[in-house]
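# Understanding the architecture of this molecule
Chain by chain, the residues:
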Amino acid sequence: MTGLTGITVNAEGRLTLVVAWCQQPPDRVVIYQRVNDRLEDQAELKAPKLSGSPVFLDLEKIPPGWSLVEGDLNFQPGHKYVAGAYNAKTSGGTFRVSFTTASKTNPTGRILIQDHSGEQPDGVDVPLSAAEFMTRANYYC
């Protein structure tokens, strides 16, 4: 793993993925829907050429340069999703983040990740400031 993925709410109130990486920038973002204990494909997005970590990806209004390769971004209430970024050439990926549509109730400016060090199978939500998120992401470099 070469970086970290988090979820936040942008100024417009939309779910936004935050991706920080170490060396090679990611060229794809993959989102899965958790169905029971399985992950099923939800969407794959192709990134424009990225430079400068982190990147913020609006999941409800695809920004210019990004393209939806397959699937859709129609997130349903009550469903759990898992997202991460990767580089197809190096096979390196970021630690994933889990979220639901209820993640939109998190305070703007806080980036949610999960801590998997305890006994909870899905981890425990940890809200971080942008600076704390980058510090945590650098830990995975």
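From a predicted model like this one, the values you see are computed outputs, not experimental measurements.

Before going further, it helps to examine the overall build of the protein chain. Secondary structure assignment for the protein chain yields 1 helix and 10 strands. Seen in sequence order, the protein chain has helices and strands lined up from the N terminus as β-β-β-β-β-β-β-β-β-β-α. Relative to the compact-globule value of 14 Å for 141 residues, the protein chain shows a C-alpha radius of gyration of 14 Å, a close match. Considering only C-alpha atoms, the protein chain reaches an extent of 35 × 30 × 30 Å along its principal axes. Looking at the protein chain residue by residue over its 141 residues, the buried ones come to 40%. Pairs at least 24 residues apart make up 56% of the contacts formed inside the protein chain by residues separated by at least 6 positions. Accessible surface computed for the protein chain: about 7,800 Å², of which carbon and sulfur atoms make up 49%.

Moving on, we get to the sheet that holds strand β3 (residues 28-35). The strands making up a sheet associate through backbone hydrogen bonding, with each pair oriented either parallel or antiparallel. Across the sheet, which stays open at both edges, the 5 strands sit in the order β6-β4-β3-β7-β8 with antiparallel pairing between neighbours. The sheet is open, and its two borders are formed by β6 (67-71) and β8 (97-99), each paired with just one other strand. Here the average twist between neighbouring strands, direction ignored, is 25°. Of the strand pairs in this sheet, β3 and strand β7 (residues 80-86) are connected by 7 bridges, and their pairing is antiparallel. Bridge pairing links Arg28 to Tyr86 in β7.

Taken across its 7 residues, β7 has 5 buried, putting it largely inside the fold. Relative to β8, β7 runs antiparallel, the two being bridged by 3 bridges. Directly across from Tyr81, in β8, lies its bridge partner Phe99.

Right, let's get into the confidence of the model for the protein chain. Averaged over every residue, the pLDDT of the protein chain is 91; residues scoring 70 or more account for 99%. When pLDDT is averaged over each element of the protein chain, β6 comes out on top at 96 and strand β10 (residues 124-128) at the bottom at 90.

Before going further, it helps to examine the side chain of Thr5. Residue placement: Thr5 occurs in strand β1 (residues 3-9). Thr5 sits in the buried class, given a relative accessible area of 0%. Side-chain polar atoms of Thr5 contact the side chain of Thr94, separated by 2.5 Å. If we ignore the near neighbours within four places in the chain, the residues touching Thr5 are Leu17, Val18, Val19, Ala83, Gly84, Ala85, Thr94, Phe95, Arg96, Val97, Ile113 and Phe133.

What follows concerns unusual backbone geometry. In this structure, the amide linkage connecting Ser53 to the following residue, Pro54, adopts the cis form with an omega of 5°. Examined against the element boundaries, Pro54 turns out to sit in the loop between β4 (38-46) and β5 (55-58). Phi is positive for Asn36, which is not a glycine, with a value near 55°. Examined against the element boundaries, Asn36 turns out to sit in the loop between β3 and β4.

Parameters and conventions
Starting afresh in each chain, residues are numbered from 1 along the sequence in its written order. Given that this is a predicted model, residues contribute local features only at a pLDDT of at least 70 and side-chain atom pairs are listed and counted only at 80 or more, while totals for whole chains, interfaces and linings are drawn from all residues. Excluded from the side-chain calculations are hydrogens and water; all other atoms, namely the structure's heavy atoms, are used. Every helix listed is a DSSP run of H or I at least four residues long, and every strand listed is a run of E at least two residues long, numbered separately from the N terminus. We compute the radius of gyration from the C-alpha atoms alone; for a globule the expected value is 2.2 Å times N to the 0.38, where N is the number of residues. Each residue gets one of three labels from its accessible area relative to the maximum for its type: buried under 20%, exposed over 50%, partly exposed in between, using a 1.4 Å probe on protein chains only. The contact rule is simple, with two residues in contact once any of their heavy atoms fall within 4.5 Å. Note on areas: these come from Shrake-Rupley sampling with a 1.4 Å probe, and a residue is covered only by the protein chains present in the view. The pairing criterion for strands is at least two bridges between them, as found by DSSP. Fitting a line to C-alpha atoms yields each axis, with helices limited to the stretch in contact; the angle taken between N-to-C directions then spans 0 to 180 degrees. On a range of 0 to 100, pLDDT expresses the predictor's confidence in each residue. Polar contact is the term for a pair of N or O atoms within 3.5 Å; when the atoms are in protein, one must be able to donate a hydrogen and the other to accept it, and sequence-neighboring residues count only if both atoms are side-chain atoms.

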